[in-house]
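Coordinates in review
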Amino acid sequence: MTGAIDLLLSVRGHQRIPSDTKEFHEATKRDALMRLKKDLDHLLETVEESRKTGLQKEMCGFEALYHRFLQEDGPSVEWDRIEKLPEEAVKDYSTLKLPQEAHIRDMLDKLVVVKLNGGLGTSMGCHGPKSVIPVRNDLTFLDMTVQQIEFLNKKYNANVPLVLMNSFNTDVDTEKVIRKYKGFQVQIYTFNQSCYPRISRDSLLPIAKDFDIENDIEAWYPPGHGDFYQSFQNSGLLRKFLEEGREYCFLSNIDNLGATVDIKILNRLIGDDRQGDKPIEFVMEVTDKTRADVKGGTLIHYENKLRLLEIAQVPKEHVDDFKSVKTFKFFNTNNIWARLESIERVLNAKTMNMEIIVNNKTLDNGIRVIQLETAVGAAMKCFDGGIGINVPRSRFLPVKKTSDLLLVMSNLYSLKYGSLVMSPQRMFPTTPLVKLGDNHFSKVKEFLSRFANIPDLIELDHLTVSGDVTFGRGVSLRGTVIIIANHGDRIDIPAGAILENKIVSGNMRILDH
């Protein structure tokens, strides 16, 4: 693993100095692991008995991750051994068939919907879980998700449960919010992903002194969405759903508004469209890569298995190859379908071996720490019979920035039972490319204050806005529009303005008189 040996060499307090370098590194690793175990035992001593069993399970998971971190040197993928994707590896969504109406209810009753709900809205200037940010008609990500599933349950008289994977950052607020859905025809379950200790980059040991997470929140972190599998099992929900006869989970980020339950994909897994005797254990939804997605993870064939390749795993000299739309045509949407029985089998066999993402951070107090994380899609190689499905771009509609929010709030979409549907007036299926300046638009509150109402974007291809710019009511943006206010100047786009293939720069302020 990149940098692991350098880090290990800085572990303090070694008495032995073996002459052989390899032996020295092995001794250093053994030392680090023994000292970690000691530290974790000490942390667990600070916990009341009622919490101990659950936390011991979590710390076992952390210890296993840490042990692998120490063992893995060098890249997880040798570039020259990446093979071309076999023809059947990625199915085209257009080849999938709709099931017979009479079978849909039975299929839905074998499904569990899981949303990754561990993130905060801080990057968009909001407090609390990201899922409670209003995105359209005053509806939040969570509202829209509940509406979608309730619509399915009512339409087909089915019982699809919604499961939220929270983190210690979002669980308290989420539990309060979901009370309002009591009267809805959706059963909602929650569980928390693990809470792992950040480790010092110098000593490779936890910086936490006890398990009082609230009072020392900087010492802890949620270890990425790859933690889903183990935490789902630890919560008891995996076994519960298996005992109910459920077969698959559909998992996605809660901020991806395109990630709705797809009947055609479900039909390929358990319906009329199922092919062959062996079940498909894992599906990764991918979509065509554009220049905006060059950093997104892609699907590769490696050691006779499909697996996810992230940019962090790519050697520096091959980063341009990785970004090439010709070489790697698809990228991962993080919409995953996984067979519940297979998840349990892989976990029980202890063969869930996802690449470790080493996330280096410097805390506000100057302490340099490491977070060990994993990604949910990286588990693909641990399953048998995994496939990719090349889905329409409409199934990937994440809201990461206010530029995404502008699109989903606009007349490009209408809202139908919690799902966004692109306007038939839009001539082409791709969404416009929007770049809004960070200084004036990055926080939701400020972003909203700059628009009297959201402009008409039906015919927009590309929008760039930089500087102090405001928009009047009923503005229409078409083609390529670039608006740049110079430092110290302000541009007010007047009400009713139609900007088509225009560059607006300098100072344009319309004053009342």
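What you see is a predicted model; the values in this text were computed from it and never measured.

Before going further, it helps to spend a moment on the overall build of the protein. Regarding its fold elements, the protein presents 14 helices and 25 strands. The globule rule puts the C-alpha radius of gyration for 513 residues at 24 Å, and the 25 Å found for the protein is close to it. Taken along its principal axes, the extent of the C-alpha atoms in the protein is 80 × 65 × 50 Å. A separation threshold of at least 6 residues defines the contact pool for the protein, and within that pool the share at least 24 residues apart is 70%. Per element, the accessible surface of the protein, about 24,800 Å² overall, is 49% carbon and sulfur. If you average the places of the 67 positive and of the 70 negative side-chain charges in the protein, the two averages end up 2 Å apart.

Tallied over the entire structure, the rule returns 22 aromatic pairs. Here the aromatic rings of tyrosine 66 and phenylalanine 69 are separated by 6.2 Å at their centres, their planes lie at 55°, and the arrangement is tilted. Taken as a pair, tyrosine 66 and phenylalanine 69 lie in helix 3 (residues 49-71) at a separation of three residues, close to a single helical turn. As far as the burial class goes, tyrosine 66 and phenylalanine 69 line up, both buried. When the ring of phenylalanine 228 is compared with that of phenylalanine 232, the centres are 4.9 Å apart and the planes differ by 25°; the resulting orientation is stacked. One end of the pair is phenylalanine 228 and the other is phenylalanine 232, both in helix 7 (residues 228-234) and four residues apart, which spans about a single turn. Note on accessibility: phenylalanine 228 and phenylalanine 232 belong to one class, buried. Among the aromatic residues, those joined into a cluster by ring pairs are Tyr189, Phe191, Phe228, Tyr229, Phe232, Phe241, Phe282 and Phe383. Its end group placed over the ring of phenylalanine 441, arginine 450 keeps NZ or CZ at 5.5 Å from the ring centre.

Let us now look at the side chain of asparagine 332. Along the chain, the position of asparagine 332 falls in strand 14 (residues 330-339). Relative accessible area serves as the criterion here: at 12%, asparagine 332 is assigned to the buried category. Polar contacts involving the side chain of asparagine 332 include one to the main-chain amide nitrogen of asparagine 334, which spans 2.7 Å. Leave out the neighbours within four places in its chain, and asparagine 332 touches Met284, Glu285, Val286, Gly297 and Leu308.

With that settled, the discussion passes to the nonpolar core. Core analysis: the biggest nonpolar cluster contains 74 residues, and Leu108 and Phe471 have the highest contact counts within it. With seven residues, helix 5 (residues 141-156) is the single largest residue contributor to this core. In this structure, Val112, Met165, Leu347 and Met380 belong to the second largest nonpolar core, which totals 39 residues.

Of all residues in the protein, 93% have pLDDT values of 70 or greater, and the mean over the chain is 89. Across residues 1-19 the pLDDT falls below 50, and counting only partners more than four positions away or on other chains, this stretch makes 39 contacts in the model.

Domain parsing of the protein yields domain 1 (79-192 + 223-395) and domain 2 (402-505). For domain 1 versus domain 2, the distance between C-alpha centres works out to 30 Å. Each side of the interface is counted separately: domain 1 has 17 residues, and domain 2 has 16 residues. Interface area, domain 1 with domain 2, both sides summed: about 1,300 Å², of which 65% is carbon and sulfur. Where domain 1 packs against domain 2, one counts zero salt bridges.

Here is what the cut-offs are and how they apply
Residues numbered from 1 in each chain as written. Predicted model: local features only at pLDDT ≥ 70, side-chain atom pairs only at ≥ 80, totals over all residues. Heavy atoms only, no water. Helix = DSSP H or I, 4+ residues; strand = E, 2+ residues; numbered from the N terminus. Rg over C-alpha atoms; globule rule 2.2 N^0.38 Å. Contact = heavy atoms within 4.5 Å. Areas by Shrake-Rupley, 256 points an atom, 1.4 Å probe, with all protein chains shown as cover. Lys, Arg positive; Asp, Glu negative; His and termini not counted. Charge placed at Lys NZ, Arg CZ, Asp CG, Glu CD. Phe/Tyr/Trp six-rings, centres within 6.5 Å; stacked < 30°, edge-to-face > 60°. Buried < 20%, exposed > 50% of the residue type's maximum accessible area, 1.4 Å probe, protein only. Lys NZ or Arg CZ within 6 Å of the ring centre and 35° of its normal. Polar contact = N/O pair within 3.5 Å; in protein donor to acceptor, adjacent residues only side chain to side chain. Core = buried A, V, L, I, M, F, W, Y, C linked by side-chain atoms within 4.5 Å. pLDDT = per-residue confidence, 0-100. Domains from an automatic or database assignment. Buried area = accessible area lost by both parts, 1.4 Å probe. Salt bridge = Lys/Arg side-chain N within 4 Å of Asp/Glu carboxyl O.

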